[in-house]
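So the chains spell out like this:
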Amino acid sequence: MRLVTLTLQAFGPYPGEHTIRFSDFDSAGVYLISGPTGAGKSSILDAVVFALYGHIPRFDLSGGTKTSVRSDLASDDAETLVSLEFEVAGTQHRIERSPAYDRKKRRGSGTTPQSAKCTLLVHREGEWKTVASSVSEAGAQIEQIVGLKRDQFQQIIVLAQGRFAEFLHSDSSKREVILRRLFDSGRFQRATEMVAKEAEATKTTLSDIGRQIEESQERATARAAQLGVEPDDATDVGELVRLLDAIVAERAAARSDAEAASDLASERLRSAEALARDITVREKSLTQLSALDKLSPQTERMREQLDRSDRVHEVWPSVVALDAARVRLSAADERLADFDTEKTSQGVEQLEQQNRRLQDEVAVLRTLAETERRIPALETARDDAVTALEKATAAAAEAAEQTVAFPAKRKDLATAIDRLKADRDALGSVDSELPRLESLLAEAKQRDTARKAHADAVAAEQKAASRHQEAADATRLVLQQYYESTSARLAASLQDGEPCLVCGATAHPSPASAHDAEIVSNEQVDAAQAAEAKCLAELQAAQSQRAEASNEVSGLDRVLEGVDADSVPQQIEKAREQSAEHAKAADAVIEAEKALDLLEAENERLTTALEAVRADVTRLRSDADVAAERLEAARQTVRSDDDASDESVADRLARRTAESAEQASVLKAVQDHATRESELKAAQASFDELIADHPAEDEATVRAWRMTRDESLAAREQVKQHDSDRERITGVLAQPHIVALDQRIADASDDAASLTAAASAAKAALAEAADHLAEARSAAADAKRELQTTGDLQKRIDDLGERAVAVARLAATLKGDSPNSRRMRLETYVLAAQLEAILEAANLRLAALTDGRFSLEHFDGVAARGASSGLGVVVNDAFTGMTRSVSTLSGGETFLASLALALGLADVVQQNAGGISLETLFIDEGFGSLDAQTLELAMQTLSELHAGGRTIGVISHVTSMQERLPQLITVTPLPGGQGSTISVTDPN
């Protein structure tokens, strides 16, 4: 992945819009991001992370909430936006992201929530194409494109201040947290927890099964005891089952015997009960037969009556027709009596003629009445049409008047716009002048600070020179004394018989003496030389700081050459006033142009409205003429009626309608009466024809013979029931077992009471035997079932026992408990492998940075007092051949080790992410703490990274870094705490 261009607006400390083309630094390889502490250098990296992932961890508050990345110094109408263009595998991508924040309402006061937005584009076929237009869609695709999660990206793209020194000096537990986040090793911890849960579940299952076995055995023993079987510990399952089966068989045989005795007693009782029933049946049948004999005469009379009713059945409909005709004629007579005799005495034909004449008059009057009712509505329609015409004519005149005044208004407004544009353009140059003046003011303040720092550095250099001179004089004195006392020192070491170190003689007749000179040891000389070297180093450091301060002052003097620094604040104030006037002029131009647009839109609306109103005038004039014509035609129609009376058409219509209805009723009554007379004559003739040859002879006889339907049905049912009862009773008395009843009575011996008692006793004995058998079978079945359950549960314990031991041992091992002698958890073991890979990659660079002296090693020993272990790091010093704690490294050595560790971690994470290519790297570490030699090694390492295809951005506030890295991005605070601005030195 390679960063190409970053654009940010209203983001963090930057209220304005800034663009950085990282691709311009590709040829240089290493560039500097410089600026004072707190100016916002790291916010450039925050913008990169926010554009890709939409979240910056350091913006999280302690309470769990998040603060907005929007600049508090941005103007209300400035949108917070970060756009990042980057390249992956030769394909260019661009992501544009805005955070959620409260923006000022466009209308009214207050704020309104602005939702987060994100758009992801890819450059294909010569143009940018959108591939995601929502926050969720873009987030899902970014990880696939970049190949890194946010934590991984920040860890390997940005080597942040102190982060890797902290990682280097952390204990195993803290180091594990960092590695877990980078390598997503949580699945191994979840696997450990899963095995632990399985071990606990298996242990619980075994305990539950043991309890179930005890409960099942207790239930089996209790059920067996109910049958009199009390097994002891020596009784096995098979013996207990045989005892239970024997008891069940014994009780089954007893039940069979009782069932046979009960069947015999029941059969004898059933025979006696059947004899008693037959005696009762014969006596009841004889009584019923005697009663039927007494009813026979009445039944025969009923048969004759049914026969006569059947004979008049065919004549009866004509009698019913006569009755109906007589009723209808009577009703017609009553209706005819309601009308005047003079009207009802007229003939039907005459009445029909009068009815038709009245109906024709009503139809004519109904038409005239409808026309008369429409006249008020027609008058209203005419008046409305005239009123609408008058209003439309007035509106047309008003619109025409407003349209005529438009050209003069437009000319006046255009002239005002030209005047305002001239005022705005006259002040336009001040916007470019103000940033230059503000930059000069900041540089002047920086020069004042640099001059003070230079003076302090000169004083410090003088003090260091004085201390060095004193240390050098002390060293010369010690050396002089050392040389003067050399003979005495050698003489003091001589021993008889031992050779002299100078002449080799074993005899020492006249050894030198020390006299008054003090004997100086080698340790004293070394201490003096060490003190002088320390003072020399301090002097060199002070000289370097003085040179840096001098260079900074000289550089700022060159920048401010020819500039009156004292007058710059007044020039800035004047430029700001002119800038405010320019902004007001620009706003006035915009407002005037808006007013002109509104005027032209209003004129266009009035022109369109005038055309519409004129069309309405023409239409409404036509409508008014048509309404007047319709009103006059209606009036003419009503006046054309030849009735000269003052009565209205509606009143005449009501009177004639009533007369027509009455005439129609008279006609209908006369016609209906004639019809009913004809129907009665026809019914009488039909009856006379049917009765001529009938036995009944006349209407009265027919009415006397006829039975109603209900009477006929009841009589027939009574006759039928009499015949059926006689046939049934005769059949019962003729049955063989009734005929032989006297002989059966003579053959009977035992009485019914004794037989009933014997049968009841046999049934009771059978029920008791059945209950005993059911009890035995139930108890035996329950006991066998519990014994089977016990056997099944014991088999489960045998199957689970070995697995439970293995799972428990595995869970303890994965958790780091015994038998795990290293107390290293599974996740820690996996992360230790990753740590070894990181250290291996880091040592390749650390060897070059320290000339082969230092290397980092993984320490997996057990920590004391139960502390976390397995992820320890120690340093091996090749000069001493000893391994020691990383806390013994000096500040510069720690920086080099941290840098190597960071680069090694980046390499490993990159490999684990699928070998993705990372061509961009940022280093946010303290280069100011390094001496010249160590800094040179660090810069050489960065150059080697560039040779490998990477572009490195170094973040530092140290001024001397600008001399080494002239290609730079400068972050400068704006005056008055108004945020910061970004400037980029042209790499070319």
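Just so you know, these numbers come straight off a predicted model, no measurement behind them.

In this section: the overall build of the chain. Across its full length, the chain holds 25 helices and 17 strands. Relative to its full complement of 988 residues, the chain shows a buried share of 35%. Pairs at least 24 residues apart make up 74% of the contacts formed inside the chain by residues separated by at least 6 positions. Just so you have it, the chain exposes about 57,000 Å², and 51% of that area is on carbon and sulfur atoms.

Next up on the list: the sheet that holds strand β12 (residues 872–877). Taken in spatial order, the 3 strands line up as β11-β12-β13 in an open sheet, and their pairing is antiparallel. Edge positions in the open sheet fall to β11 (854–859) and β13 (882–885), since each of these has one partner strand only. Neighbour-to-neighbour, the strand axes of the sheet open up by a mean angle of 40°, direction not taken into account. Sheet topology places β11 next to β12; 6 bridges connect them, and they run antiparallel. Pairing of F859 across the sheet is with G872, part of β12.

If you look at the biggest cluster of nonpolar residues, it comprises 89 residues, and the most contacted ones within it are I44, L52, F86 and F153. The biggest single contributor to this core is helix α23 (residues 891–912), with 10 residues. Each of domain 1 (2–147 + 916–985) and domain 2 (148–185 + 820–915) accounts for three or more of the residues forming this core. Sequence-distant contacts of I44, defined by excluding residues within four places in its chain, comprise L6, Y14, I20, F22, I33, I969, V971 and I982. With 13 residues, the next largest nonpolar core counts V312, L329, L680 and V702 among its residues.

Under the 1.5 Å per step criterion, the end-to-end length of helix α14 (residues 522–559) is 55 Å for 38 residues, consistent within 8% with the ideal 56 Å. Of all the positions in α14, only V525, A528, C535, L539, A542, A549, V553, G555 and L556 are classed as buried.

Our next topic: unusual backbone geometry. Its identity is not glycine, yet A10 carries a phi of approximately 55°, on the positive side. Along the polypeptide, A10 turns up in strand β1 (residues 2–11). A10 gets classed as buried once you look at its relative accessible area, which sits at 0%. Unusually for a residue other than glycine, D851 sits at a positive phi of about 55°. As for its placement among the helices and strands, D851 is situated in the loop between α22 (826–849) and β11. Taking relative accessible area as the criterion, D851 reaches 73% and is therefore assigned exposed.

As judged from the 4 bridges shared by strand β6 (residues 101–104) and strand β7 (residues 111–114), these two strands associate in the antiparallel manner. Bridging from a neighbouring strand, D102 pairs with P113 of β7. What sits between β6 and β7 in their antiparallel hairpin is a turn of 6 residues, with G108 showing a positive phi close to 80°.

Our next topic: the packing of aromatic side chains. For any pair of aromatic rings, the description consists of the separation of the ring centres together with the inter-plane angle of the planes. Going through the model one piece at a time under the given rule, you end up with 4 aromatic pairs. Plain terms: the ring middles of F22 and Y31 are 6.5 Å apart, the flat faces sit at 45° to each other, and that makes the pair tilted. Owing to a relative accessible area of 1%, Y31 belongs among the buried residues under this scheme. Centre to centre, the rings of F22 and F922 are 5.9 Å apart; their planes meet at 75°, and the pair counts as edge-to-face. Taken together, the positions of F22 in the loop between β2 (14–21) and β3 (30–34) and F922 in strand β14 (residues 920–923) put the pair 900 residues apart, joining distant regions of the chain. The exposure class assigned to F22 is buried, which follows from its relative accessible area of 2%.

Turning to the sheet that holds strand β9 (residues 127–132), a few remarks are in order. The strand order β2-β1-β4-β5-β8-β9 describes an open sheet built from 6 strands, whose pairing is antiparallel. In the strand order of this sheet, the two ends are held by β2 and β9, each with one partner. Between one strand axis and the next, the sheet turns through 20° on average, direction left out of account. Where β1 lies against strand β4 (residues 81–88), 7 bridges are found, and the strand directions are antiparallel. Bridging from a neighbouring strand, T5 pairs with E85 of β4. Here helix α1 (residues 41–53) sits on the sheet in contact with β1, β2, β4 and β5 (91–98), set at roughly 100° to β1. Across the face of the sheet, helix α2 (residues 135–146) comes into contact with β4, β5, β8 (117–124) and β9 while running at roughly 45° to β8.

Below, the discussion takes up the confidence of the model for the chain. When pLDDT is low, close inspection of the predicted coordinates is not appropriate. Across the chain, the average pLDDT comes to 78, with 86% of residues at or above 70. The least confident element of the chain is helix α13 (residues 486–493), whose mean pLDDT is 64; the most confident is β5, at 94. Low pLDDT (under 50) marks residues 61–65, which in the prediction has 2 contacts with non-local residues, meaning those over four places away or in another chain.

A few words on the pattern of salt bridges. By the definition in use, this model includes 23 salt bridges. E125 serves as the salt-bridge partner of K129, at 3.1 Å between the closest nitrogen and oxygen. By relative accessible area, which is 74% here, E125 ends up exposed. Between D672 and R676 there is a salt bridge, with the nearest N and O atoms lying 3.3 Å from each other. One end of the pair is D672 and the other is R676, both in helix α16 (residues 649–691) and 4 residues apart, which spans about a single turn. Like R676, D672 is buried. Linked by salt bridges that have partners in common, R328, D672, R676 and E679 make up one network.

Turning next to a negative patch on the surface. A surface patch of negative charge is lined by D333, E334, D338 and E677. When you line up the elements, E677 lands in helix α16. The class of E677 is partly exposed, set by a relative accessible area of 37%.

Of note, K534 is situated in helix α14. When the C-alpha positions of K534 and A471 are compared, they lie 9.1 Å apart, and in sequence the two are 63 residues distant.

Turning our attention to the environment of A832. Within the secondary structure layout, A832 lies in helix α22. The spacing of A832 and E176 is 656 residues in sequence and 8.9 Å in space, taken between C-alpha atoms. Excluding residues within four positions of it along the chain, A832 makes contact with H858, G870 and L871.

One can describe the packing of α22 onto α23 by two numbers: an axis separation of 7 Å at closest approach and a directional angle of 135°. In terms of orientation, α22 lies oblique with respect to α23. Relative to α23, α22 is oriented so that their crossing is right-handed. Listed contacts from α23 to Q834, A837, I838, L839, A841, A842, R845, L846 and L849 of α22 are L896, A897, L899, A900, L901, L903, G904, L905, D907, V908 and N912. Split into classes, the residues belonging to the contact of α22 with α23 amount to 15 nonpolar, 3 polar and 2 charged.

Calculation criteria
- Residues numbered from 1 in each chain as written.
- Predicted model: local features only at pLDDT ≥ 70, side-chain atom pairs only at ≥ 80, totals over all residues.
- Heavy atoms only, no water.
- Helix = DSSP H or I, 4+ residues; strand = E, 2+ residues; numbered from the N terminus.
- Buried < 20%, exposed > 50% of the residue type's maximum accessible area, 1.4 Å probe, protein only.
- Contact = heavy atoms within 4.5 Å.
- Areas by Shrake-Rupley, 256 points an atom, 1.4 Å probe, with all protein chains shown as cover.
- Pairing = 2+ DSSP bridges.
- Axes fitted to C-alpha atoms, helices over the stretch in contact; angles between N-to-C directions.
- Core = buried A, V, L, I, M, F, W, Y, C linked by side-chain atoms within 4.5 Å.
- Domains from an automatic or database assignment.
- Expected span 1.5 Å × (residues − 1).
- Phe/Tyr/Trp six-rings, centres within 6.5 Å; stacked < 30°, edge-to-face > 60°.
- pLDDT = per-residue confidence, 0-100.
- Salt bridge = Lys/Arg side-chain N within 4 Å of Asp/Glu carboxyl O.
- Patch = residues over 30% accessible without salt bridge, like charges linked within 9 Å, V, L, I, M, F, W, Y side chains within 5 Å.
- Lys, Arg positive; Asp, Glu negative; His and termini not counted.
- Charge placed at Lys NZ, Arg CZ, Asp CG, Glu CD.
- Parallel < 35°, antiparallel > 145°, perpendicular 65-115°, else oblique.
- Left-handed = near helix turned anticlockwise from the far one by under 90°.
- Nonpolar A, V, L, I, M, F, W, Y, C, P; charged D, E, K, R; others polar.

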